[in-house]
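In case you want the letters, here they are:
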Amino acid sequence: MALVVQASVVVPVTLVPGIAGANHGADAEWSATSDMFAPNDFRAAPYLGNGRIGTMLPPSGGGYHDYGDTARTAYPLQQPRYTGTYLAGFYAQAAPSPQYTQVIAALPAWSGFTVGVTGHQYYADVDPAAVHGYRQTLDYRTATATTQVTWAPDREHRVRLRYDTFVSRSRPDLAVQRLTLTPDFSGDLEVTDLIDTAAARRVSPVTAFADPARKQSVAGVRADGSADTAFVVSAVDTPQRTATAALPGTSGIRYTTPVTESGSYIFTKYVGISSTDYGPDPQAAATTAAESGRAEGYDAEYSTHTAAWDQLWQKGIDTPGRDDYTRWVHAALYSVLASVRAGERWAVQPAGLSSDDYGGMTFWDADTWIFPTLLALYPDLARTIVDFRGAALATARANARGYGLPGALYPWNDGPAQRCASPTVCGLTEEHLHNEIALAQWQYYTATGDRHWLHTRGAPVITAIADYLTARIGPKMPDGKYHYVPAAGADEYVPLSVDNALTNGGVMNTMRIAAHAAGLAGLPVDPRWADIAANMAMPPDIAPGVPAEYLGYAGAPIKQADTVLLSYPFSYAAPGYSPVDTLHYYFDRTDPGGPNMSNAVGAILSAEYDPCRTQYYLDQSVQPYVRGPYSFQSEARGERSGANTIGQAAWIFVTGAAGFLQGLLYAPTGLRWTDASPRLNPMLPNGFPHGMTIRGLSVGASTITVRIAPDTTTLTLTSGDPITFDTPAGPKTVTSTRPLRIPTRSAC
């Protein structure tokens, strides 16, 4: 991550963090509710997304709300927070910066149905004094936000409002909102559909108009510094006897309907959203999506949307007896899934598609923290992350050539262009990134066995990175070792160092897998790779079995997991190296106020080397970061994610959610993706006395259910061919007729 500072924010407290409101039973496991109208609490905004479109709804139920200077976004933008809508791949060219070339653009707000009665209006900034009986629910299972409220703008008028909103999972370019009104008076009632361009960021207007005859509103924008355009088109169904009138100079239409007391009136908008990333005529594409949605109707669109989400929820993590973990798992997995879509060309950003925190740029978050979670359950979604790096390979090669080097040089942070903005950041900031990109590529192959993909996509990325690192490291020094000077690891309290342990250890791994991948793909193998793998320098131990973080490290506090990553995900081994002592040494020095990334690795490592501590790290990977009312995760425990931060802590922090899930997937199972076959070494953390179950663990084209009980772990093949696992008792195979049972290690 980059450096962030959080401004102080004073907001109404809606619910105790992690509590799902007034929901009970199964509903509480699958949904969260806010029963306090808190329009200025940016955390009280539901997140809806389908992996292409992401949007935040204000507590009112729709429209655009700016939270002002008291709540600001994370590095690098550090601007007032707002309820934004984002489209994967739609980026503006950044203002001159030495660090990045693109930041994500925000679209006009599409979700606003404004209600009007006798000069009063119900909209995102409605007077809270006029709001009664408020209840807003986010259903993770159906990815639907429902807002119910009684609005009483004066003594003579009360209207019950219900907004049902979803971003279609079955239709990547469609969002839908239905407004149901029940007045307690007779007369005229106005509903305005406005595609609000005030919500747009880093764009210039292309067009904004309305066609009352077609009940259609259109807004188009162009990303700053780019020829890329995006369009938002709304097509509305209204009650009978509704009159229409365009709002001059806008994309709004006012609908006026005569109503009677206690009658029910429904307005439904079907919103198409597209950009030039998805075709040459985004206005036509958005219009087609909106009109076809209207032709199908709400029930049909909602049915296919929920069916698509139901298919995703066939996989997951069950924690019987732990209602808190059940809610946390559902909220975390929802926030990840809402930000990724199979077949898309974009990786997952630290905040997903929920905000423009971190400028919507791609960091190591995608490859190291989000990818392993998706790989275990949804390899088709995980592929978007590794393919993103593959699609940028030509640019990464051009980056390296720009600095006179061979191979591929990926920037630490940039948008989909993946261009180097300057050598200071691209070549000297957190260069461990290249090893994590290479590892993710290799893990995708070892988990899926897709040899064609390795030949055409994965191996070219891995070997190009190895070529770059070979030149970047340079020749052997007089001591017979290769040294990385300068280097940068994951600890953001130390921008540059010599022979960073994580970076150097990762280089060893990259060289080994490059030789292996090249051999399998029929690509040339550079003999220097093996020599570097065997002779890469490591800093001396700072304690028995514990390598110093870098040459000269003296035990200072670190910001986030760094040297411990040698043991996981890199499986580093060397004479005298002690994974458990390294774990203890560095976690004792990790800043608890740092970003929400480290504790999940602590859980995975402790499960293998110090099982009694596993539950502690699992708890710490989620509980301090969950916020009500919707149980999403913040980047930090408090207002800042580290002592040197610039900007506010990110929200919603999809990286942290995925890290928490990664801990639950890999710590109890002991799952590791190895070259020969996946390894399992199950144990049950002591916070789950009733066991836990992972549904839909994917290996190759097969899926299994893993039930971890206190004494025995049972693997059942649910689809595909038999799978052989490397277990403590040797290779064991699960088939469709023979479940596999493995002893469960005790936590303590």
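Residues numbered from 1 in each chain as written. Predicted model: local features only at pLDDT ≥ 70, side-chain atom pairs only at ≥ 80, totals over all residues. Heavy atoms only, no water.

Participant: Whenever I open this one, the pattern of salt bridges confuses me. Can you help?
Facilitator: Pairs can form between side chains of opposite charge once their charged atoms are near each other. For the structure on display, the rule yields 23 salt bridges. With a closest N to O distance of 2.9 Å, Arg-294 and Glu-291 form a salt bridge. Taken as a pair, Arg-294 and Glu-291 lie in helix 2 (residues 282-296) at a separation of three residues, close to a single helical turn. A residue is classified by how much of its surface remains accessible, and Glu-291, at 26% relative accessible area, is partly exposed. By sharing partners, the salt bridges in this structure join Arg-162, Asp-164 and Arg-178 into a single network. (Salt bridge = Lys/Arg side-chain N within 4 Å of Asp/Glu carboxyl O. Helix = DSSP H or I, 4+ residues; strand = E, 2+ residues; numbered from the N terminus. Buried < 20%, exposed > 50% of the residue type's maximum accessible area, 1.4 Å probe, protein only.)

Participant: What exactly am I supposed to notice about the state of the cysteines here?
Facilitator: Between two cysteines, a covalent bond joining their sulfur atoms is known as a disulfide. Under the counting rule described, the total for this entry stands at two disulfides. One disulfide in the model links Cys-420 with Cys-426; its S-S distance is 1.8 Å. On the sign convention where negative means left-handed, the S-S torsion of about -55° between Cys-420 and Cys-426 marks this disulfide as left-handed. Comparing Cys-420 with Cys-426, the two get one shared label, buried. (Disulfide = S-S within 2.5 Å.)

Participant: Sorry, what's going on with the sheet that holds strand 22 (residues 316-318) here?
Facilitator: Remark on secondary structure: sheet strands pair via backbone hydrogen bonds, oriented parallel or antiparallel. What the five strands build is an open sheet, ordered 22-27-28-29-32; its pairing is antiparallel. At either margin of the open sheet sits one strand with a lone partner, and together these are strand 22 and strand 32 (740-743). The sheet shows a mean angle of 25° between the axes of neighbouring strands, direction not considered. Bridge count for strand 27 (residues 692-699) against strand 28 (residues 702-708) is seven bridges, and the pairing is antiparallel. Each residue of the ladder has a partner; that of Met-692, found in strand 28, is Ile-708. Sheet strands touched by helix 5 (residues 364-377): strand 22 and strand 27. Its angle to strand 27, the strand with the most contacts, is close to 85°. (Pairing = 2+ DSSP bridges. Axes fitted to C-alpha atoms, helices over the stretch in contact; angles between N-to-C directions. Contact = heavy atoms within 4.5 Å.)

Participant: Sorry if this is basic, but what is going on with the pairing of strand 3 (residues 53-56) here?
Facilitator: Looking along a regular strand, one sees the side chains alternate between the two faces of the sheet. Here strand 3 shows no split at all, with Ile-53 and Thr-55 on one side and Gly-54 and Met-56 on the other all buried. Connecting strand 2 (residues 47-49) to the antiparallel partner strand 3 that follows it, the hairpin turn spans three residues, and Gly-51 within it adopts a positive phi of roughly 90°. When strand 3 meets strand 6 (residues 85-87), the two strands line up antiparallel, connected through three bridges. The partner of Thr-55 across the bridge, within strand 6, is Thr-85.

Participant: What is the right way to read the packing of helix 13 (residues 579-587) against helix 14 (residues 598-609) from this model?
Facilitator: At a minimum axis distance of 10 Å, the contact between helix 13 and helix 14 shows a crossing angle of 150°. The angle between helix 13 and helix 14 falls in the class roughly antiparallel. Once helix 13 is placed against helix 14, the crossing between them reads as left-handed. Contacts between helix 13 and helix 14 involve Pro-579, Val-580, Leu-583 and Phe-587 from the first element and Ser-598, Asn-599, Gly-602, Leu-605, Ser-606 and Tyr-609 from the second. (Parallel < 35°, antiparallel > 145°, perpendicular 65-115°, else oblique. Left-handed = near helix turned anticlockwise from the far one by under 90°.)

Participant: Explanation requested: unusual backbone geometry in the structure shown.
Facilitator: Generally, phi is negative for residues other than glycine and the peptide bonds are trans, each holding for most cases. The residue after Tyr-568, namely Pro-569, is reached through a cis peptide bond having omega 15°. Residue position: Pro-569 is located in the loop between strand 24 (546-547) and helix 13. Omega for the peptide link from Gly-628 to Pro-629 comes to 5°, which places this bond in the cis form. Tracing the backbone through its elements, the reader meets Pro-629 in the loop between strand 25 (626-627) and strand 26 (632-633). The phi dihedral of Lys-215 falls on the positive side, at around 55°, and the residue is not glycine. As for its position among the elements, Lys-215 is in the loop between strand 16 (203-211) and strand 17 (216-223). Phi at Ser-571 is positive, roughly 55°, even though this residue is not glycine. Summarising the element assignment, Ser-571 is placed in the loop between strand 24 and helix 13.

Participant: Sorry, what's going on with the UniProt feature "domain: Glycoside hydrolase family 65 N-terminal" (unreviewed entry) in the protein chain here?
Facilitator: What UniProt calls "domain: Glycoside hydrolase family 65 N-terminal" (unreviewed entry) maps, in this numbering, to residues 46-276. For the annotated span residues 46-276, helix accounts for 0% and strand for 56% of the residues, and the straight-line distance between the end C-alpha atoms is 28 Å. (UniProt positions renumbered as here; feature names shortened; annotations may be inferred.)

Participant: I'm lost on the side chain of Arg-322 in this one. Help?
Facilitator: Looking at where Arg-322 falls in the secondary structure, it is placed in the loop between strand 22 and helix 4 (323-337). Polar side-chain contacts of Arg-322 include one of 2.9 Å to the side chain of Asp-324. Beyond its immediate stretch of four places on either side in the chain, Arg-322 contacts Gln-615, Gly-687 and Phe-688. (Polar contact = N/O pair within 3.5 Å; in protein donor to acceptor, adjacent residues only side chain to side chain.)

Participant: How should I be thinking about the nonpolar core in this particular structure?
Facilitator: Among the nonpolar cores identified, the biggest contains 198 residues, and Tyr-334 and Tyr-410 are the most heavily contacted of them. In terms of residue count, helix 10 (residues 451-473) provides more of this core than any other element does, eleven residues in total. Setting aside anything within four residues of it in sequence, one finds Tyr-410 in contact with Arg-389, Ala-392, Leu-393, Ala-396, Gln-418, Cys-426, Leu-433, His-434, Ile-437, Val-461 and Ile-465. Grouped together as the second largest cluster of nonpolar side chains are 26 residues, Val-117, Val-126, Val-149 and Tyr-255 included. (Core = buried A, V, L, I, M, F, W, Y, C linked by side-chain atoms within 4.5 Å.)

Participant: Is there a simple way to think about the packing of aromatic side chains in this case?
Facilitator: The geometry of two aromatic rings is summed up by the distance between their centres and the angle between their planes. Counted according to the given criterion, the structure contains 35 aromatic pairs. Judged by centre distance (5.7 Å) and plane angle (10°), the rings of Tyr-298 and Tyr-302 are stacked. On the criterion of helical spacing, the pair formed by Tyr-298 and Tyr-302 is a turn pair, its members being four residues apart in helix 3 (residues 298-312). A relative accessible area of 25% means that Tyr-302 is categorised as partly exposed. Consider the rings of Phe-363 and Trp-412, whose centres lie 5.8 Å apart with planes at 85°: the pair is edge-to-face. One end of the pair, Phe-363, is in the loop between helix 4 and helix 5; the other, Trp-412, is in the loop between helix 7 (393-402) and helix 8 (423-426), with 49 residues separating them in the sequence. (Phe/Tyr/Trp six-rings, centres within 6.5 Å; stacked < 30°, edge-to-face > 60°.)

Participant: Quick question: what am I supposed to make of the sheet that holds strand 18 (residues 229-237) here?
Facilitator: The sheet built from nine strands is open, its strands ordered 1-11-12-13-14-21-18-17-16 with antiparallel pairing. Of all strands in the sheet, those bounded by a partner on one side alone are strand 1 (31-34) and strand 16. Pairwise comparison of adjacent strand axes, ignoring direction, gives a mean angle of 15° for this sheet. As paired elements, strand 12 (residues 144-154) and strand 13 (residues 157-167) share nine bridges and run antiparallel to each other. Its bridge partner lying in strand 13, Thr-144 is registered against Phe-166. The strands touched by helix 2 within the sheet are strand 14 (174-183), strand 16, strand 17, strand 18 and strand 21 (265-275), with strand 18 carrying the most contacts at an inclination of about 20°. Contacts from helix 3 reach strand 12, strand 13, strand 14 and strand 21 within the one sheet, and its direction differs from that of strand 13 by about 45°.

Participant: How do you make sense of the environment of His-305 when you look at a structure like this?
Facilitator: Relative to the elements of secondary structure, His-305 occurs in helix 3. By relative accessible area, His-305 is classed as buried at 0%. For the pair formed by His-305 and Asn-50, sequence separation is 255 residues and the distance between their alpha carbons is 9.7 Å. If we ignore the near neighbours within four places in the chain, the residues touching His-305 are Thr-142, Ala-143, Thr-144, Phe-166, Val-167, Ser-168, Arg-169 and Ser-170.

Participant: Looking at this structure, how should I read the packing of helix 9 (residues 433-448) against helix 10?
Facilitator: Packed helix pairs are specified by the crossing angle of their axes together with the interaxial distance, meaning the distance between the axes. Two elements in contact, helix 9 and helix 10, have axes whose closest approach is 9 Å; the angle formed by their N-to-C orientations is 160°. Regarding the angle of helix 9 to helix 10, the classification is roughly antiparallel. Read as a crossing pair, helix 9 and helix 10 show a hand that is left-handed. Where helix 9 approaches helix 10, its residues His-434, Asn-435, Ile-437, Ala-438, Gln-441, Trp-442, Tyr-444 and Tyr-445 are matched on the opposing element by Arg-451, Trp-453, Leu-454, Arg-457, Gly-458, Val-461, Ile-462, Ile-465, Tyr-468 and Leu-469.

Participant: How do you make sense of the environment of Asp-281 when you look at a structure like this?
Facilitator: Residue position: Asp-281 is located in the loop between strand 21 and helix 2. With 279 residues separating them along the chain, Asp-281 and Gln-560 place their C-alpha atoms 45 Å apart.

Participant: How do you make sense of helix 3 when you look at a structure like this?
Facilitator: For an α-helix the count is 3.6 residues per turn, leaving residues at separations of three or four pointing the same way. In this model helix 3 runs 21 Å from its N-terminal to its C-terminal C-alpha over 15 residues, within 8% of the 21 Å that 1.5 Å per residue would give. When we look at burial in helix 3, the residues that qualify are Tyr-298, Glu-301, His-305, Thr-306, Trp-309 and Leu-312. Seen along its axis, helix 3 keeps its buried residues to an arc of 125°; they face one direction. Opposite its buried face, helix 3 presents the exposed residues Asp-299 and Gln-311, each directed more than 90 degrees away. (Expected span 1.5 Å × (residues − 1). Arc of directions from axis to C-beta.)

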